[in-house]
Amino acid sequence: MRPYGLPQEDGTGGAFKRGYGVVHCLLLDTGDGLALVDTGWGTRDCTDPTPAVRQFASIVHAALDPEETAVRQVCHLGYNPSDLKHIFLTHLHLDHAGGLPDFPQAIVHASASEIQAFLHPRTLVEWRAYRPEHRAYGPKWQAHTPQGSQWFGLESAPPIRIGETEIVFVPFVGHTRGHCAVAVRVGDRWLLHCGDAYGYCRQADPVQPYVHPSGRLVEWMVTTGFKLPRKHWLTLRRLQEEHGDLVSAFCTHDAHEFGIARRSNRAR
Ligand SMILES: [Zn+2]
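The present account deals with the structure reproduced in this document.

### A look at the overall build of the protein chain
Then step 1. From N to C terminus, the protein chain includes nine helices and twelve strands.
Then step 2. Taking 2.2 N^0.38 as the reference for a compact globule, 268 residues should give roughly 18 Å; the C-alpha atoms of the protein chain span a radius of gyration of 17 Å, in line with that estimate.
Then step 3. Projected onto its principal axes, the C-alpha coordinates of the protein chain cover approximately 45 × 45 × 40 Å.
Then step 4. For the protein chain, the proportion of its 268 residues judged to be buried stands at 43%.

### Some details on the sheet that holds strand β10 (residues 180–186)
Then step 1. Read from one edge to the other, the open sheet built from five strands follows the order β8-β9-β10-β11-β12, with strand pairing classed as mixed. The open sheet is flanked by β8 (160–162) and β12 (247–250), the only strands paired with a single partner. Neighbour-to-neighbour, the strand axes of this sheet turn through a mean angle of 25°, independent of strand direction.
Then step 2. The pairing of strand β9 (residues 165–171) with β10 spans five bridges and is classified as antiparallel.

### Examining the nonpolar core
Then step 1. Among the nonpolar cores identified, the biggest contains 55 residues, and Ile87, Ala181, Val182, Ala183 and Cys194 are the most heavily contacted of them.
Then step 2. Not counting chain neighbours up to four residues away, the residues in contact with Val182 comprise Val37, Phe88, Thr90, Ile167, Phe169 and His193.

### Quick word on the environment of Phe152
Then step 1. Summarising the element assignment, Phe152 is placed in the loop between β6 (149–151) and β7 (154–156).
Then step 2. Exposure remark for Phe152: the 16 C-beta atoms within 10 Å place this residue in the partly exposed category.
Then step 3. Separated by 115 residues in sequence, Phe152 and Val37 place their C-alpha atoms 20 Å apart.
Then step 4. In this structure Phe152 touches Leu239, His243 and Val247, once residues within four positions along its chain are discounted.

### Description of the sheet that holds strand β1 (residues 26–29)
Then step 1. Read from one edge of the open sheet, five strands run β1-β2-β3-β4-β5, paired in mixed fashion. In this open sheet, the two strands that pair with only one neighbour each are β1 and β5 (140–144). In this sheet, adjacent strand axes meet at a mean angle of 20° when their direction is disregarded.

### Focus on unusual backbone geometry
Then step 1. In this structure, His61 is a non-glycine residue whose phi angle is positive, near 50°.
Then step 2. Mapped onto the fold, His61 is located in the loop between α2 (51–60) and α3 (70–76).
Then step 3. If you check the backbone angles, Leu64 has positive phi at about 45° while not being a glycine.

### Section: helix α5 (residues 112–119)
Then step 1. Taken together, the buried positions of α5 are occupied by Glu114, Ile115, Ala117 and Phe118. Buried residues of α5, seen end-on, are gathered within an arc of 160° and therefore sit on one face of the element.
Then step 2. Where α5 is buried, its residues meet β4 (107–111), α6 (124–129) and β5.

### Describing the pairing of β1
Then step 1. In this sheet, strand β2 (residues 34–37) lies alongside β1 in antiparallel orientation, the contact comprising four bridges. Looking at the pairing, Asp29 lines up with Leu34 of β2.
Then step 2. Adjacent in sequence and paired antiparallel, β1 and β2 are bridged by four residues, among which Gly31 carries a positive phi angle near 90°.

### Observations regarding the environment of Arg44
Then step 1. By the element assignment, Arg44 lies in helix α1 (residues 43–47).
Then step 2. Using a count of 18 C-beta atoms within 10 Å as the deciding quantity, one classes Arg44 as partly exposed.
Then step 3. Sequence separation of Arg44 and Asp102 is 58 residues, and the distance between their C-alpha atoms is 8.6 Å.
Then step 4. The residues touching Arg44, leaving out its near neighbours within four places in the chain, are Pro101 and Glu133.

Thresholds, definitions, all that
- The written sequence of each chain sets the order in which its residues are numbered from 1.
- Confidence filtering applies because this is a predicted model: local features only for residues at pLDDT of at least 70, side-chain atom pairs given and counted only at 80 or more, and all residues used for totals across whole chains, interfaces and linings.
- The helix and strand labels rest on DSSP assignments: H or I over at least four residues marks a helix, E over at least two residues marks a strand, and numbering proceeds from the N terminus.
- This radius of gyration counts C-alpha atoms alone. The globule rule is 2.2 Å times how many residues there are, raised to the power 0.38.
- Burial is judged by counting the other C-beta atoms within 10 Å of a residue's own C-beta: 20 or more makes it buried, 12 or fewer makes it exposed, and any count in between marks it as partly exposed, with every C-beta position built from the backbone.
- Following DSSP output, two strands are said to pair if at least two bridges run between them.
- Interaxial angles span 0 to 180 degrees and are taken between N-to-C directions of axes, which are lines fitted to C-alpha atoms, for helices over the stretch in contact.
- A set of buried Ala, Val, Leu, Ile, Met, Phe, Trp, Tyr and Cys residues, joined through C-beta atoms within 7 Å, is what we mean by a nonpolar core.
- Each residue is represented by a C-beta atom placed from its backbone, and any two residues with such atoms within 7 Å are regarded as in contact.
- By definition, the arc is the one covered by directions from the helix axis to the C-beta atoms.

Here it is, written out as structure tokens:
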């Protein structure tokens, strides 16, 4: 994506300058089939986008390249799309759930209130950002209530175990009605996919929180326009401060964090 917005770590982006963003998804080998955390855009969004997808993609300058879809990348890794058994979604906005129809056999996990919002949109933003074409095939939903348990002192859903992998929905409501971060245990450490709880790494950085003036303006527009609660950034900063040795948090659209994740995958 090449949207106008916050200045990024790579020097791109600002109120009057295009930035560089990504749609960061996770592919997990659970030991009992593959699982995805968020799907990104789907094949149809790239090859035959509906007017709503085309409009959103042109605003954020999304590439909509079929080669970047999750299904194509799963195939390039030597898997069959039907090997993918579960999808965990931070939320169901079009740029996060567009790949659902590419994996019709997968069980789709999300918070109960997010699934409700997707099926019964109430506001103009919900009507635009939740796309009926992404659910027309009839997803196999599994709704989760993100409460009743604790994850590093934060309220969460009880852990879900798939094969050898533990997954926890941690609510960060605001960007959408049922937005959650998705925590994945990797050995004795955790990855925390924060979805759109923030959009730029320094917002959740305890050491160098964001101070750039044009970023402040865009931050204000984004937080009020999309109802992004700033308190989540403080929660995530505290989590990194207290448990940064055990938790690696990242958001969907930050290219800098995506680069770090790719490099650490290669190093393994
Ligand atoms: Zn997004």
